[in-house]
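Coordinate inspection notes
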Amino acid sequence: MIEFRNVVVVYPNGFKALKGINLHISEGEFVAIIGPSGAGKSTLIRTINGLVRITEGDLIVEGKHVQKLKDNELRLLRRKIGMIFQSFNLVKRMSVLRNVLVGRLGYVSTLKSLFNLFPKEDIEFALSNLEKVGIREKAYVRADQLSGGQQQRVAIARALTQQPDIMLADEPVASLDPPTAKVVMDYLKKFNEELKITTLVNLHDVELARAYARRIIGIRAGEIVFDGKPEELTRDVLIRIYGKWQES
Amino acid sequence: MSRWNKVKWLIITLLVIAVYWWAVTGIDFNLQRIIAGLPKGKVILERIFVKSLKYIGSPFFWEMVMEMLKTLAMAYFGTFIASVLTVPFAFLAAVNFSPYARFFKMLLNFIRTFPEILLAIIFVSMVGPGPFAGVLAIGFHSVGMLGKLYAEAVENIDMKPIEAITAAGGNFWQKLVFGVLPQVFPHFASYSIYRFEIAVRSASTVGLVGAGGIGVPLLLKVQGRNWEQVGVIIIVIIVTVVIVDYLSAYIRKKIV
């Protein structure tokens, strides 16, 4: 469960990215967040795992007040929250498997992880997650040898390896071509349904949001201007979110 | 051109002439002496680069090859110590990791301003003559140069994978080992090899002040005006430096 109560985020340069967000997301939901560039989509999902700290209000994730957590407590929360990114954010010079094992860093002891002494079960679990996204045979290949779509699948496997309750996806398909984007979105949907992972996806593509999400949140200039089912996302609503709307 | 501009140009021209006058008179420049010295120069160069050739393969030659190998060992050890010592400096001097980056960059610049030969003189007085003083001089100077290059490598890393490790619950050390080192290590290695290349040249000369290596026999033979043997030493140094440069370039291309 994720709950925003009057959450405000002001960046050090004075920019007010979120202006009093109130939002409740239940377990197992698949939510798409849409809105123009700079509306605060990225900021919104980054507050959930504390990558961006909130300035005012209260943010409760898995029963914890995120803004009150100390570094160590925040890390324990983060290991239950998977995250994937627009540019995949893999360590390019490391093997695919080692990238996936990053998902275990919150679980193994620091010393063991530094010397690459992951328990056998962790390595097998990482491999099984690569299997789930259909690229187990790439486990020992360097990450930068993979195509964009494959890299995003590695990133999903990395997130799954955290055994997450929540999955955050920040424009996960913005740098992929449409067929590859569909593959990635299908995986997110599949794991949301099969593993009951609460999933929040930032999307700039309204059609993708309609196709995959059961709930869509529209934000504009740091405020929620729409929160409803895909069917309720009418032309008028899109104009409210984007300022103008051209039916494609 | 305005009147003021004309005056300005006149002043600048006079100043430039004055600087040249000062430089030429100051060093006792004398063309006649160059011309008078030419035959002597020709004889010396002949002895160094031509007559020396018949010594190639002689016991003295092999002795100098051994000295050169010791010199390489000095350069290698000095560079190795510096490479290890520099790593913490690299992070302290990188703006994306350290709030005191400016201070540490200045410190590294300061270290770099000491010429190796001067450091060698200091270390020879401190620890006595021999290769150990040379290694210390090379190591100290290398920290200055490598620190700057390493810090730039740290500043150029992609922070995005590190954000991903943070998001997965990784702590500081895990971010360093999984996110930062894989990105910077090839650059560190490449810079160290390049620095080794330079260290080979300095290791060959620090012997001139008693800090070990092939510079020691070089100094003795120069003092004895034994140009053929000086030639043998110079040829050994040049061939070694060329080989090291070539290998270094080859390895660096493979790494990065």
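Residues numbered from 1 in each chain as written. Chains lettered and ligands numbered in written order. Predicted model: local features only at pLDDT ≥ 70, side-chain atom pairs only at ≥ 80, totals over all residues.

**Notes on the overall build of chain A**
Note the threshold: Only DSSP runs of H or I covering at least 4 residues are called helices, and only runs of E covering at least 2 are called strands; the numbering of each starts at the N terminus. Within these notes, the globule rule equals 2.2 Å times the number of residues to the 0.38 power, and the radius of gyration is based on C-alpha atoms. A pair of residues counts as a contact when their C-beta atoms, built from backbone coordinates, are separated by no more than 7 Å.
Of the regular secondary structure elements, chain A holds nine helices and 10 strands. Taking 248 residues into account, the globule formula puts the C-alpha radius of gyration at 18 Å, and chain A, at 18 Å, falls close to it. Viewed in the frame of its principal axes, chain A has a C-alpha envelope of about 55 × 40 × 35 Å. Of the contacts made within chain A by residues no fewer than 6 positions apart, 67% connect residues no fewer than 24 positions apart.

**Focus: the overall build of chain B**
Keep this limit in mind: Once C-beta atoms are placed from the backbone, each residue is buried if 20 or more other C-beta atoms lie within 10 Å of its own, exposed if 12 or fewer, and partly exposed for counts between those two.
A count of helices and strands for chain B gives 10 helices and zero strands. Along chain B, from the amino end to the carboxyl end, the secondary structure elements read α-α-α-α-α-α-α-α-α-α. Against the 2.2 N^0.38 benchmark of 18 Å for 256 residues, chain B shows a C-alpha radius of gyration of 25 Å, more extended than a compact globule. With the C-alpha coordinates of chain B rotated into their principal frame, the extents come out at 75 × 75 × 35 Å. Counting all 256 residues of chain B, 36% fall into the buried class.

**Quick look at the interface of chain B and chain A**
With 18 residues of chain B at the interface, the matching set in chain A holds 22 residues. Broken down by secondary-structure element, the contributors of at least two residues to the side of chain B that touches chain A are α7 (160-167) and α8 (172-206) of chain B.

**Overview of the domain arrangement of chain A**
All names here are of chain A. Quick note on the threshold: As used throughout, domain bounds are those supplied by an automatic or database domain assignment. When residues are sorted by character, Ala, Val, Leu, Ile, Met, Phe, Trp, Tyr, Cys and Pro go into the nonpolar class, Asp, Glu, Lys and Arg into the charged class, and all the rest, Gly among them, into the polar class.
As assigned here, chain A comprises domain 1 (1-80 + 166-248) and domain 2 (91-163). Using only C-alpha atoms to locate each centre, domain 1 and domain 2 end up separated by 25 Å. Contacts between domain 1 and domain 2 engage 13 residues on the former and 11 residues on the latter. Here the residues of the side of domain 1 that touches domain 2 are counted per class, giving seven nonpolar, two polar and four charged.

**A word on the sheet that holds strand β9 (residues 215-220) of chain A**
Consider a sheet: its strands pair through backbone hydrogen bonds, and that pairing is either parallel or antiparallel. Residue and element names in this part refer to chain A. Note the threshold: Any two strands with at least two DSSP-identified bridges between them are counted as paired. Every axis corresponds to a line fitted to the C-alpha atoms, with the helix fit spanning only the stretch in contact, and the corresponding angles, defined between N-to-C directions, vary from 0 to 180 degrees.
Taken together, the six strands give an open sheet; going across it, the order is β6-β7-β8-β3-β9-β10, and neighbouring strands pair in mixed fashion. In the strand order of this sheet, the two ends are held by β6 (81-84) and β10 (223-228), each with one partner. Within the sheet, the average angular offset between the axes of one strand and its neighbour, ignoring direction, is 15°. Sheet topology note: the strand β3 (residues 30-34)/β9 ladder contains four bridges and is parallel.

**As for the environment of leucine 90 of chain A**
Mapping leucine 90 of chain A onto the fold places it in the loop between β6 and α3 (96-101). Sequence spacing of leucine 90 of chain A and aspartate 122 of chain A is 32 residues, and the spatial spacing of their C-alpha atoms is 19 Å. Contacts of leucine 90 of chain A, omitting those with residues within four sequence positions, involve Asn99, Ala143, Gln151, Val154 and Ala155 of chain A together with Pro161 of chain B.

**Considering the packing of helix α2 (residues 31-49) of chain B against helix α10 (residues 227-255) of chain B**
All names here are of chain B. Worth spelling out the cut-off: Here roughly perpendicular refers to angles of 65 to 115 degrees, roughly parallel to angles under 35, roughly antiparallel to angles over 145, and oblique to all remaining angles. By convention, the crossing between two helices is left-handed when the near helix turns anticlockwise from the far helix through less than a right angle, and right-handed when the turn is clockwise.
The N-to-C vectors of α2 and α10 enclose an angle of 55°; their axes lie 6 Å apart at closest approach. When the axes of α2 and α10 are compared, the pair comes out oblique. Here α2 and α10 pass one another in a crossing that is right-handed. Contact with α2, carried on its side by Ile44, Arg47, Ile48 and Phe49, involves Trp227, Glu228, Val230, Gly231 and Ile234 of α10 and no other residues of that element. Per-class residue counts for the contact of α2 with α10 are six nonpolar, one polar and two charged.

**Observations concerning the sheet that holds strand β4 (residues 56-61) of chain A**
All names here are of chain A. The four strands lie next to each other as β2-β1-β4-β5, forming an open sheet whose pairing is antiparallel. In the strand order of this sheet, the two ends are held by β2 (16-25) and β5 (64-65), each with one partner. Here β4 pairs with β5 via two bridges, running antiparallel. Within the sheet, the bridge partner assigned to isoleucine 60 lies in β5 and is histidine 65.

**Some remarks on the nonpolar core**
What counts here: The term nonpolar core refers to a set of buried Ala, Val, Leu, Ile, Met, Phe, Trp, Tyr and Cys residues connected through C-beta atoms within 7 Å.
Counting residues in hydrophobic clusters, the biggest one holds 117 residues, and the most contacted among them are Ala32, Ile33, Val100, Val154 and Leu168 of chain A together with Ala120 and Ala137 of chain B. When residues of this core are assigned to their parent elements, the largest contribution, 12 residues, is made by helix α6 (residues 131-155) of chain B. Look past the residues within four positions of isoleucine 33 of chain A in its chain and what remains in contact with it is Lys41, Leu44, Ile45, Leu200, Val201, Asn202, Ile217 and Ile219 of chain A. Grouped together as the second largest cluster of nonpolar side chains are 10 residues, Met64, Trp227, Ile233 and Ile237 of chain B included.

**Comments concerning the domain arrangement of chain B**
Domain boundaries assigned for chain B yield domain 1 (3-44) and domain 2 (50-255). Computed from C-alpha atoms alone, the centre-to-centre distance between domain 1 of chain B and domain 2 of chain B is 37 Å.

**Re the packing of helix α3 (residues 59-92) of chain B against α10 of chain B**
Residue and element names in this part refer to chain B. Direction vectors running N to C along α3 and α10 enclose 45°, while the axes themselves pass 10 Å from each other. One way to sum up the angle between α3 and α10 is to call them oblique. Relative to α10, α3 is oriented so that their crossing is right-handed. Together, Phe60, Phe61, Met64, Val65 and Met68 of α3 and Gln229, Val232, Ile233, Val236, Ile237 and Thr240 of α10 make up the contact between the two elements. Partitioned by chemical class, the residues of the contact of α3 with α10 number nine nonpolar, two polar and no charged.

**Some details on α6 of chain B**
Stated formally: Expected helix span is computed as 1.5 Å times (number of residues minus one).
Between its first and last C-alpha atoms α6 of chain B spans 35 Å; for 25 residues at 1.5 Å apiece the expected length is 36 Å, and the two agree. Among the 25 residues in α6 of chain B, 19 count as buried, and that is most of the element.

**What to know about the environment of proline 119 of chain A**
Turning to its location among the elements, proline 119 of chain A is positioned in the loop between α4 (110-114) and α5 (120-132). Sequence separation between proline 119 of chain A and lysine 182 of chain A is 63 residues, and the spatial gap between their C-alpha atoms is 34 Å.

**Structural notes on unusual backbone geometry**
Residue glutamate 62 of chain A is not a glycine yet carries a positive backbone phi of 50°. Within the secondary structure, glutamate 62 of chain A sits in the loop between β4 and β5.

**Let's talk about the pairing of β6 of chain A**
Residues and elements named next belong to chain A. With burial as the criterion, each face of β6 is covered, one bearing Ile81 and Met83 and the other bearing Gly82 and Ile84. The pairing of β6 with strand β7 (residues 166-170) spans four bridges and is classified as parallel. Residue pairing for β7: isoleucine 84 is matched across the bridge by alanine 169.

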